Amino acid sequence: MYLALVIAVLVALVLVLTRALLGPTIYDRMLSVNSAGTKVVILIAAYGFLTGRPDFVDISLLYALINYITTIAVLKFFEYGDLGSGAYQEDDI
C-alpha cells in the first residue's frame with residue numbers, strides 16, 4: 001500500500017518537474033517548483049512513517065517552511081528586483 005503511495009508521488013513529482021522545465025512564465029515555473037517541494041515533504045514524511053522514525057515528520061515540516069519562505073523570496077525578487085523592505089531609499093538618508 002505504501003509502495004503505491006511512493007510510486008504515485010514520484011510520478012506526480014516527475015510531471016511537476018516537467019512542467020517546471022516547460023513552463024512559459026516564471027510564475028508557472030515557481031508554482032511547479034513549490035509543488036515539487038510539497039511532494040518531497042510528503043515523501044520525507046512517508047519514509048519516516050515506513051521506517052518507524054517519527055523525527056522525519058519534524059524534518060519534513062522544517063523543509064516545508066523553508067520551501068514556503070524560499071518561494072516567497074524568489075517571487076518577491078522577480079516582482080521587485082530586490083529583497084529589501086522598500087521602506088526607504090538609499091537617497092533618502
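Residues numbered from 1 in each chain as written. Predicted model: local features only at pLDDT ≥ 70, side-chain atom pairs only at ≥ 80, totals over all residues. Heavy atoms only, no water.

### A word on the overall build of the chain
Step number 1: Looking only at helices and strands, the chain features 3 helices and 0 strands.
Step number 2: Starting at the N terminus and ending at the C terminus, the chain contains elements arranged as α-α-α.
Step number 3: Relative to the globule expectation of 12 Å for 93 residues, the C-alpha radius of gyration of the chain, 17 Å, shows a markedly less compact shape.
Step number 4: With the C-alpha coordinates of the chain rotated into their principal frame, the extents come out at 60 × 35 × 10 Å.
Step number 5: By residue count, 18% of the 93 residues in the chain fall in the buried class.
Step number 6: Accessible surface, the chain as shown: approximately 7,000 Å² in total, 70% of it carbon and sulfur.
Step number 7: A gap of 17 Å separates the mean positions of the 5 positive and 8 negative side-chain charges of the chain. (Helix = DSSP H or I, 4+ residues; strand = E, 2+ residues; numbered from the N terminus. Rg over C-alpha atoms; globule rule 2.2 N^0.38 Å. Buried < 20%, exposed > 50% of the residue type's maximum accessible area, 1.4 Å probe, protein only. Areas by Shrake-Rupley, 256 points an atom, 1.4 Å probe, with all protein chains shown as cover. Lys, Arg positive; Asp, Glu negative; His and termini not counted. Charge placed at Lys NZ, Arg CZ, Asp CG, Glu CD.)

### A word on helix 2 (residues 26-51)
Step number 1: In a regular helix each residue adds 1.5 Å, so 26 residues correspond to 38 Å; helix 2 covers 37 Å between its end C-alpha atoms and thus fits that length.
Step number 2: Listing the buried residues of helix 2 in full gives Met30, Ser32, Ala36, Gly37, Val41, Leu43, Ala46 and Gly48.
Step number 3: Elements that come into contact with the buried residues of helix 2 comprise helix 1 (2-22) and helix 3 (55-80).
Step number 4: Glycine 52 occupies a position one or two residues after helix 2 and carries a positive phi of about 75°. (Expected span 1.5 Å × (residues − 1). Contact = heavy atoms within 4.5 Å.)

### A word on the packing of aromatic side chains
Step number 1: Under the criterion given, the structure shown has 3 aromatic pairs.
Step number 2: With centroids separated by 5.8 Å and ring planes inclined at 70°, the aromatic side chains of phenylalanine 77 and phenylalanine 78 adopt a geometry described as edge-to-face.
Step number 3: Since its relative accessible area comes to 43%, phenylalanine 77 is described here as partly exposed. (Phe/Tyr/Trp six-rings, centres within 6.5 Å; stacked < 30°, edge-to-face > 60°.)

### Some points on a nonpolar patch on the surface
Step number 1: Nonpolar side chains collect at one region of the surface, where Met1, Tyr2, Leu5, Phe49 and Leu50 lie side by side and expose about 590 Å² of accessible area between them.
Step number 2: Of all the elements in the fold, those that place two or more residues in the nonpolar patch are helix 1 and helix 2.
Step number 3: Relative to the elements of secondary structure, tyrosine 2 occurs in helix 1.
Step number 4: When its relative accessible area of 41% is taken as the criterion, tyrosine 2 is described as partly exposed. (Patch = residues over 30% accessible without salt bridge, like charges linked within 9 Å, V, L, I, M, F, W, Y side chains within 5 Å. Salt bridge = Lys/Arg side-chain N within 4 Å of Asp/Glu carboxyl O.)

### Focus: the environment of lysine 39
Step number 1: Relative to the assigned elements, lysine 39 resides in helix 2.
Step number 2: As a C-alpha pair, lysine 39 and tyrosine 80 span 41 residues in sequence and 28 Å in three-dimensional space.

### Comments concerning the packing of helix 1 against helix 2
Step number 1: Two numbers describe how helix 1 lies on helix 2: the axes approach to 9 Å, and their chain directions differ by 160°. The angle between helix 1 and helix 2 places the two elements in the roughly antiparallel class. In terms of crossing hand, the pair formed by helix 1 and helix 2 is left-handed.
Step number 2: The class makeup of the residues in the contact of helix 1 with helix 2 is 19 nonpolar, 2 polar and 4 charged. (Axes fitted to C-alpha atoms, helices over the stretch in contact; angles between N-to-C directions. Parallel < 35°, antiparallel > 145°, perpendicular 65-115°, else oblique. Left-handed = near helix turned anticlockwise from the far one by under 90°. Nonpolar A, V, L, I, M, F, W, Y, C, P; charged D, E, K, R; others polar.)

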